[in-house]
Amino acid sequence: MKPIRNSAKAVIVQDGRLLVIRLEDQYGTAYVFPGGGQEKGEELKDAVARECLEEIGQAVNVGELLHIREYIGKNHEFAEWDADIHQVEFYFACSLINPEATNFEGSNPDDHQVAVEWIALEELSQVRLYPKTIGELLLQSGSSSIYLGDLN
């Protein structure tokens, strides 16, 4: 099994919309939160800021920690190819430093990344968003669950 990996993710909500990375894979279109792996010697807040520059091409203000999610690959639908993955993801409330930005071209996009898009919060249940639970929590006012456990 590979070592456990930390990942820092950005939850960017603006004008009732969520900023997401659009991926294309063998199942079609999927959406994920911007962010990625923490590097050795890097604080999580710095990791999410760096990853946003790499993936969405925009600087962000990193706010409070919203959720911690684990992903243990062997327990989920993609176990066939990522059963040895165990990742701990830290989701931070973020905002764009330039809220008027329209150019979202990062310097180092993710594999399978084809675009950066805004999705209206009320439409999140209609798209394949990972992790789905965090999208659902965005629609609930007053949700205070920080540790979400192993989910997809």
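Given the structure is predicted, the values throughout are model-derived calculations rather than measurements. (Residues numbered from 1 in each chain as written. Predicted model: local features only at pLDDT ≥ 70, side-chain atom pairs only at ≥ 80, totals over all residues. Heavy atoms only, no water.)

A. Inspection of the pairing of strand β5 (residues 60-72) at higher detail. Pairing of β5 with strand β6 (residues 86-96), which is carried by 10 bridges, proceeds in the antiparallel orientation. Each bridged residue has a counterpart across the sheet, and for Val62 the counterpart in β6 is Cys94. Bridge count between β5 and strand β9 (residues 147-150): three bridges; the pairing is parallel. Residue pairing across strands places Ile68 opposite Tyr147, the latter belonging to β9. (Pairing = 2+ DSSP bridges. Helix = DSSP H or I, 4+ residues; strand = E, 2+ residues; numbered from the N terminus.)

B. Spotlight on the pattern of salt bridges. Taken as a whole and judged by the stated rule, the model has eight salt bridges. Between Arg50 and Glu42 there is a salt bridge, with the nearest N and O atoms lying 2.8 Å from each other. Each member of the pair, Arg50 as well as Glu42, carries the same accessibility label: buried. With a shortest N-O distance of 3.0 Å, Arg50 and Glu51 are connected by a salt bridge. Residue class for Glu51 comes out buried when judged on its relative accessible area of 8%. Several salt bridges share partner residues, and in doing so they unite Glu39, Glu42, Arg50, Glu51 and Glu54 into one network. (Salt bridge = Lys/Arg side-chain N within 4 Å of Asp/Glu carboxyl O. Buried < 20%, exposed > 50% of the residue type's maximum accessible area, 1.4 Å probe, protein only.)

C. Spotlight on helix α1 (residues 44-56). The end-to-end C-alpha separation of α1 is 18 Å, in line with the 18 Å expected for 13 residues at 1.5 Å each. On its buried face, α1 is in contact with β1 (5-14), β2 (17-25), β4 (35-37), β5, β6 and β7 (113-120). Gly57 lies just past α1 and shows a positive phi near 70°. (Expected span 1.5 Å × (residues − 1). Contact = heavy atoms within 4.5 Å.)

D. Focus on the side chain of Asn152. Summarising the element assignment, Asn152 is placed in the segment after β9. A distance of 2.9 Å separates a polar atom in the side chain of Asn152 from a polar atom in the side chain of Arg69. Beyond its immediate stretch of four places on either side in the chain, Asn152 contacts Arg69, Tyr71, His76, Glu77, Phe78, Tyr130, Pro131 and Lys132. (Polar contact = N/O pair within 3.5 Å; in protein donor to acceptor, adjacent residues only side chain to side chain.)

E. Here's a closer look at the packing of aromatic side chains. Inspection of the entire model under this criterion finds two aromatic pairs. Measuring from centroid to centroid gives 6.3 Å for Phe104 and Trp118, while their planes differ by 80°, and the two rings are edge-to-face. Linking Phe104 in the loop between β6 and β7 with Trp118 in strand β7, this pair joins segments that are 14 residues apart in sequence. (Phe/Tyr/Trp six-rings, centres within 6.5 Å; stacked < 30°, edge-to-face > 60°.)

F. Quick look at the pairing of β1. For β1, the buried fraction is high: seven of the 10 residues fall into the buried class. With eight bridges connecting them, β1 and β6 associate as parallel partners. Directly across from Ser7, in β6, lies its bridge partner Glu89. As judged from the three bridges shared by β1 and β4, these two strands associate in the antiparallel manner.

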